[in-house]
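In case you want the letters, here they are:
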Amino acid sequence: MPHTGQWKVRLDLFEDDDGTTKAHLVLDTGTTALTGHGSAHCHPADTNVPEIGDELAAGRALVDLAHQLLETAERDVRAMAAARPDTRRTAGQPL
């Protein structure tokens, strides 16, 4: 049976005065929302290139979100397996 869906993602980036870029990522599935966070800090000896900070912070937020999404899926799989009745039979058991 085919399935289609649409999940919405919102990514907000913030840079503060000390050169730290923070990313806040929200994944809305329609039934739940997960939030990922990431940050990047410009070393004082490096040239401040905001695009690089954005990329690093966003990438780290995506990795954080990916870990959460995989953990959620694993919990759901375990819950489904626990809820499923055991249909295995041992040898000699009547039908």
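Not measured: the values here are computed from a predicted model.

A. Main features of the layout of surface pockets. Taken as a whole, the largest pocket holds about 180 Å³ of empty space. Together, 14 residues line the largest pocket, and His41, Cys42, Val49, Ile52 and Gly53 are the ones closest to its centre. Broken down by element, the residue count for the lining of the largest pocket peaks at four residues, all from helix α1 (residues 50–83). A per-class count over the lining of the largest pocket returns six nonpolar, six polar and two charged.

B. Summary view of a nonpolar patch on the surface. Together, Val49, Ile52 and Leu56 line one region of the surface with nonpolar side chains, adding up to about 230 Å² of accessible area. Residue position: leucine 56 is located in helix α1. Here leucine 56 falls in the partly exposed class, since its relative accessible area comes to 40%.

C. A negative patch on the surface, seen in detail. A contiguous patch of negative charge, built from Glu15, Asp16, Asp17 and Asp18, is present on the exposed surface. Inspection of the secondary structure assignment puts glutamate 15 in strand β1 (residues 8–15). Assessed through its relative accessible area of 38%, glutamate 15 is described here as partly exposed.

D. Highlighting the pairing of β1. Pairing geometry for β1 and strand β2 (residues 20–28), over eight bridges, is antiparallel. Bridging from a neighbouring strand, leucine 11 pairs with leucine 25 of β2. Hairpin connection between β1 and β2: a loop of four residues separates the two successive antiparallel strands, and glycine 19 in this loop has a positive phi of roughly 90°.

E. Focus on the environment of lysine 8. Relative to the elements of secondary structure, lysine 8 occurs in strand β1. Exposure remark for lysine 8: the relative accessible area of 56% places this residue in the exposed category. Once residues within four sequence positions are removed from consideration, lysine 8 is found in contact with Val26, Leu27 and Asp28.

Conventions used here
Residues numbered from 1 in each chain as written. Predicted model: local features only at pLDDT ≥ 70, side-chain atom pairs only at ≥ 80, totals over all residues. Heavy atoms only, no water. 1 Å grid on protein atoms, 1.4 Å probe; cavity = no way out; pocket = protein on both sides within 12 Å on 5 of 7 lines; lining within 4 Å. Points joined across faces, edges and corners; volume = space filled by probe spheres on them. Helix = DSSP H or I, 4+ residues; strand = E, 2+ residues; numbered from the N terminus. Nonpolar A, V, L, I, M, F, W, Y, C, P; charged D, E, K, R; others polar. Patch = residues over 30% accessible without salt bridge, like charges linked within 9 Å, V, L, I, M, F, W, Y side chains within 5 Å. Areas by Shrake-Rupley, 256 points an atom, 1.4 Å probe, with all protein chains shown as cover. Salt bridge = Lys/Arg side-chain N within 4 Å of Asp/Glu carboxyl O. Buried < 20%, exposed > 50% of the residue type's maximum accessible area, 1.4 Å probe, protein only. Lys, Arg positive; Asp, Glu negative; His and termini not counted. Charge placed at Lys NZ, Arg CZ, Asp CG, Glu CD. Pairing = 2+ DSSP bridges. Contact = heavy atoms within 4.5 Å.

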